[in-house]
Amino acid sequence: MIPFNKPPVTGAEEQYIKQALISNKLSGDGPFGKKCQDWFEANLPARKTFLTPSCTAALELAAVLIGTQPGDEIIMPSYTFVSTANAFVLRGAKIVFVDIRPDTMNIDENRIEAAITPKTRAIVPVHYAGVACEMDSIMAIAERHNLYVIEDAAQGMVSTYKGRALGTIGHLGAFSFHETKNYTSGGEGGLLIINDEQFTERAEIIREKGTNRNQFFRGMVDKYQWVDIGSSYLPSELQAAYLWAQLEHSTEINETRLNSWQYYWQQLQPLVLEGRVTLATIPVDCKHNAHMFYLKTSGLSERTALLEHLKSRDILGAFHYVPLHSAKAGRSFGRFHDEDRFTTNESERLVRLPMFFNIAQCELKYIVDAVLSFYG
Ligand SMILES: *Cc1c(COP(=O)(O)O)cnc(C)c1O
């Protein structure tokens, strides 16, 4: 059986976790946590980064930081994971879903402005498959209407837009280190990126349960106390140790994924030329991270048949998001702005093929052969 995903393991994880175990420091922001945050601040280049227990937590922290109030409206695509919406719904906001572009499955930047009302507070672009949204347009719209931009870059670590790392372009950015993502911190994990300095001090406080404990550790205050609302948004040192083993090998992980992606891409070109399937578009000024390889069938029934065909050959493919606006919670917490031209139709065509660090060449070939044989 070829699984859809295998969590990445580089080999150094065990040693670093053991090191953390004997260090007598297992809670958050220990030596490995600091190493990871320093790595991100050096490589991304963000003003400040905070490891979090998940991307979900990073998005929740972002929703608090921008001061989301009941009745606020937040613009995002419907074709995304529930956490993108939940983070703001938890603060009482309404979600306004905007249609996607069929070429990248990302929010259609040309449809955002018409969805803005006096209640709009933020735009949340989601970089699907690690391929960037049209950020110049989105930032310009946000500036014109005085809105915040929070990038859901859960899938976008080391991807770039016009040479800029995803997550570092909006006011805030959120990443995931869940085991299904390119880099993991032992199954669950995330990162909040602060690009707008006004948020740094408060992020530190909210993340530490609403206390100024970090200022206390730095000797800036002589006792720490409750100063703001807050929660526990620190991952443990064991998670950071796992993540550090991945960051040290980040180039190797990225390159092997890109090679696998490229192989799929080249081998499936005959089907593209015959008009049987559509593949993702990578805009010329974007570098992606091979987070995902997907193809699009002609529609729902062909997709179901293809997934069955793969399964009969012991290959686990997968479809992806059921658009949020069509789900029960999505209908009560949000509304779709304007017409759903692509979100539902395109999501029903999409099939993701197995993609993980160190997927074997013979596995890739076997999968490609299975897809080609389906189309006869
Ligand atoms: C994976 C993912 C999340 C959630 O990440 P967690 O770390 O599991 O909380 C949010 N948004 C998108 C687009 C994702 O792909």
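Residues numbered from 1 in each chain as written. Predicted model: local features only at pLDDT ≥ 70, side-chain atom pairs only at ≥ 80, totals over all residues. Heavy atoms only, no water.

The name that an unreviewed UniProt entry assigns to the protein is dTDP-4-amino-4,6-dideoxygalactose transaminase, with the source organism given as Halopseudomonas litoralis. Quoted verbatim from the Sequence similarities (unreviewed entry) heading of the UniProt record, the comment on the protein is "Belongs to the DegT/DnrJ/EryC1 family." (UniProt positions renumbered as here; feature names shortened; annotations may be inferred.)

Asker: Help me out: how do you make sense of the sheet that holds strand β1 (residues 48-52) in this one?
Answerer: Strand pairing within a sheet occurs via backbone hydrogen bonds; the two strands may be parallel or antiparallel. Read from one edge to the other, the open sheet built from 8 strands follows the order β1-β9-β8-β5-β4-β2-β3-β13, with strand pairing classed as mixed. Edge positions in the open sheet fall to β1 and β13 (334-336), since each of these has one partner strand only. Adjacent strand axes in the sheet meet at a mean angle of 25 degrees, parallel and antiparallel pairs treated alike. Pairing of strand β4 (residues 120-123) with strand β5 (residues 148-152), which is carried by 2 bridges, proceeds in the parallel orientation. Each bridged residue has a counterpart across the sheet, and for Ile123 the counterpart in β5 is Val149. (Pairing = 2+ DSSP bridges. Helix = DSSP H or I, 4+ residues; strand = E, 2+ residues; numbered from the N terminus. Axes fitted to C-alpha atoms, helices over the stretch in contact; angles between N-to-C directions.)

Asker: I'm lost on the nonpolar core in this one. Help?
Answerer: In summary, soluble globular proteins display a tendency toward joint burial of nonpolar side chains. One finds Phe40, Ile75 and Leu191 to be the most contacted residues of the largest nonpolar core, which totals 47 residues. Going through the elements one at a time, α1 (13-21), α2 (31-43), β3 (94-98), α5 (135-145), β9 (190-194) and α8 (237-247) are the ones with two or more residues in this core. Element by element, the count of residues in this core is highest for α8, at 6 residues. Residue contacts for Ile75: discarding those within four places in its chain leaves Val96, Val98, Ile107, Ile112, Ala115, Ile116, Thr120, Ala122, Ile123 and Val124. Within the second largest apolar cluster, 34 residues are counted, among which are Phe50, Leu192, Ile206 and Phe336. (Core = buried A, V, L, I, M, F, W, Y, C linked by side-chain atoms within 4.5 Å. Buried < 20%, exposed > 50% of the residue type's maximum accessible area, 1.4 Å probe, protein only. Contact = heavy atoms within 4.5 Å.)

Asker: What is the right way to look at the UniProt feature "modified residue: N6-(pyridoxal phosphate)lysine" (unreviewed entry) in the protein in this model?
Answerer: Annotation from UniProt places "modified residue: N6-(pyridoxal phosphate)lysine" (unreviewed entry) at Lys181. Judged by its relative accessible area of 15%, Lys181 falls in the buried class. Residue contacts for Lys181: discarding those within four places in its chain leaves Pro8, Ala154, Gln155, Ser176, Arg257 and His291.

Asker: What should I look at first to understand the domain arrangement of the protein in this one?
Answerer: Interfaces are often sized by the accessible area lost when the parts come together. Domains assigned within the protein are domain 1 (13-247) and domain 2 (250-374). For domain 1 versus domain 2, the separation of C-alpha centres amounts to 25 Å. Listed by partner, the interface residues are 46 residues for domain 1 and 40 residues for domain 2. Between domain 1 and domain 2 lies a buried interface of about 3700 Å² when both sides are counted; carbon and sulfur atoms form 54% of it. At the boundary of domain 1 with domain 2, the tally comes to 2 salt bridges. Measuring nitrogen to oxygen at the nearest pair gives 3.2 Å for the salt bridge that ties Asp338 to Arg111. For the pair domain 1 and domain 2, the interface holds 26 residue pairs in polar contact (both at pLDDT 80 or more). (Domains from an automatic or database assignment. Buried area = accessible area lost by both parts, 1.4 Å probe. Salt bridge = Lys/Arg side-chain N within 4 Å of Asp/Glu carboxyl O. Polar contact = N/O pair within 3.5 Å; in protein donor to acceptor, adjacent residues only side chain to side chain.)

Asker: What should I look at first to understand the site of the ligand in this one?
Answerer: Around the ligand, the structure places 15 residues, and the nearest of them are Thr56, Asp152, Gln155, Ser176 and Lys181. Within the contact set of the ligand, an oxygen atom lies 2.5 Å away from a side-chain nitrogen or oxygen of Thr56. Here an oxygen atom of the ligand sits 3.3 Å away from a polar atom, N or O, in the side chain of Tyr321. In the complex, the protein chains occlude 93% of the 390 Å² of accessible area that the ligand would expose alone. (Near = heavy atom within 4 Å. Areas by Shrake-Rupley, 256 points an atom, 1.4 Å probe, with all protein chains shown as cover.)

Asker: How should helix α6 (residues 200-207) be read in this particular structure?
Answerer: Along an α-helix, a turn takes 3.6 residues, which lines up residues three or four apart on a common side. Across the 8 residues of α6, 6 count as buried, placing the element largely inside the fold. Three or more residues of α6 are buried, namely Thr200, Ala203, Glu204, Ile205, Ile206 and Arg207. Taken together, the buried residues of α6 touch α2, β1, α3 (55-65), β9 and α7 (213-217). One or two steps after α6, the chain reaches Lys209, where phi turns positive at roughly 65 degrees.

Asker: Could you clarify how one ought to interpret the packing of helix α11 (residues 300-312) against helix α14 (residues 361-374) in this entry?
Answerer: Two packed helices can be described by the angle between their axes and the distance between those axes. Interaxial distance between α11 and α14 falls to 10 Å at its minimum, and their mutual angle equals 135 degrees. With respect to α14, the element α11 is oriented oblique. Crossing of α11 against α14: the hand is right-handed. Together, Glu302, Ala305, Leu306, His309 and Leu310 of α11 and Ala370, Val371, Ser373 and Phe374 of α14 make up the contact between the two elements. Taken together, the residues of the contact of α11 with α14 sort by class into 6 nonpolar, 2 polar and 1 charged. (Parallel < 35°, antiparallel > 145°, perpendicular 65-115°, else oblique. Left-handed = near helix turned anticlockwise from the far one by under 90°. Nonpolar A, V, L, I, M, F, W, Y, C, P; charged D, E, K, R; others polar.)

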